[in-house]
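# Results of the structural survey
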Amino acid sequence: MQKFTLSAERKPAALAEFLDPKDRPATLEAFRGKVVLVNLWATWCVPCREEMPALDRLQDARGGKDFTVLAVAQDRAGRAKVEAFLGQIGAAKLAPYLDTSMKSGRAWGVYGLPTSILIDRQGREIGRFIGGAEWDQADALRLIDAAIAEK
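What comes next concerns the included structure. (Residues numbered from 1 in each chain as written. Predicted model: local features only at pLDDT ≥ 70, side-chain atom pairs only at ≥ 80, totals over all residues. Heavy atoms only, no water.)

This part is about the packing of aromatic side chains. A full pass over the atoms with the stated rule returns five aromatic pairs. Judged by centre distance (5.8 Å) and plane angle (80°), the ring pair of F18 and Y97 falls under edge-to-face. Here F18, found in strand 2 (residues 18-19), pairs with Y97, found in strand 6 (residues 97-98); they are 79 residues apart in sequence, far enough to count as distant. An aromatic cluster of three or more residues is present, and its members are F18, F31, Y97 and W108. (Phe/Tyr/Trp six-rings, centres within 6.5 Å; stacked < 30°, edge-to-face > 60°. Helix = DSSP H or I, 4+ residues; strand = E, 2+ residues; numbered from the N terminus.)

Here it is as structure tokens:
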């Protein structure tokens, strides 16, 4: 987690629109009250592909009423390809969120994939990690647990 960059000031994250697993429009507002690790990825992105199993294990270990991994595919190939990819890697715990327009990534100031943004319960950015990470390792879990412990 050495590459995790804390925000200088916690500002509200943009309420960019993406599609939920049933293709309904959604924003971060739907997750208010939870700590959220927004992960922007794509099926064609090699570091993203390597990171996804760790994100799935993180969701399995910490996901619930206080925390969720919100993996939003920035993928023009569409839902079928995203769901097939998640099935291929055995990511059973990650919900298939999607943004084929990639507007959410731009709204959140993301210029490369994968990028993960940690959001607090009030919808403010704690910090971000650019590139692939082992989100199920001890240092990452400490970071997530500290965010969850904040009330």
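Further notes follow.
Following the sequence through the fold, S104 ends up in helix 3 (residues 103-107). Within the structure, S104 has its side chain in polar contact with the side chain of D99 (distance 2.7 Å). (Polar contact = N/O pair within 3.5 Å; in protein donor to acceptor, adjacent residues only side chain to side chain.)

The buried fraction of strand 5 (residues 67-73) is high, at seven of seven residues. Covered by surrounding structure in strand 5 are F67, V69, A71 and A73 together with T68, L70 and V72, the residues of both alternating faces. Alignment of strand 4 (residues 35-41) against strand 5, held across seven bridges, turns out to be parallel. Across the sheet, N39 pairs through a bridge with A71, a residue of strand 5. In terms of handedness, the path from strand 4 via helix 1 (residues 46-62) over to strand 5 forms a crossover that is right-handed. Looking at chain direction, strand 5 and strand 6 are connected through two bridges and run parallel. When the bridges of strand 6 are listed, A73 appears paired with L98. Remark: the strand 5/helix 2 (residues 79-88)/strand 6 crossover connection has right-handed handedness. (Buried < 20%, exposed > 50% of the residue type's maximum accessible area, 1.4 Å probe, protein only. Pairing = 2+ DSSP bridges. Right-handed = clockwise from strand over helix to strand, strands pointing away.)

A few words now on the state of the cysteines. By definition, a disulfide links two cysteine residues through a covalent bond between their sulfur atoms. Scanning all chains against the criterion turns up one disulfide. With its sulfur 2.3 Å from that of its partner, C45 forms a disulfide with C48. On the sign convention where negative is left-handed, the bridge of C45 and C48, at about 75° about the S-S bond, is right-handed. On the basis of relative accessibility, which here comes to 0%, the residue C48 falls in the buried class. (Disulfide = S-S within 2.5 Å.)

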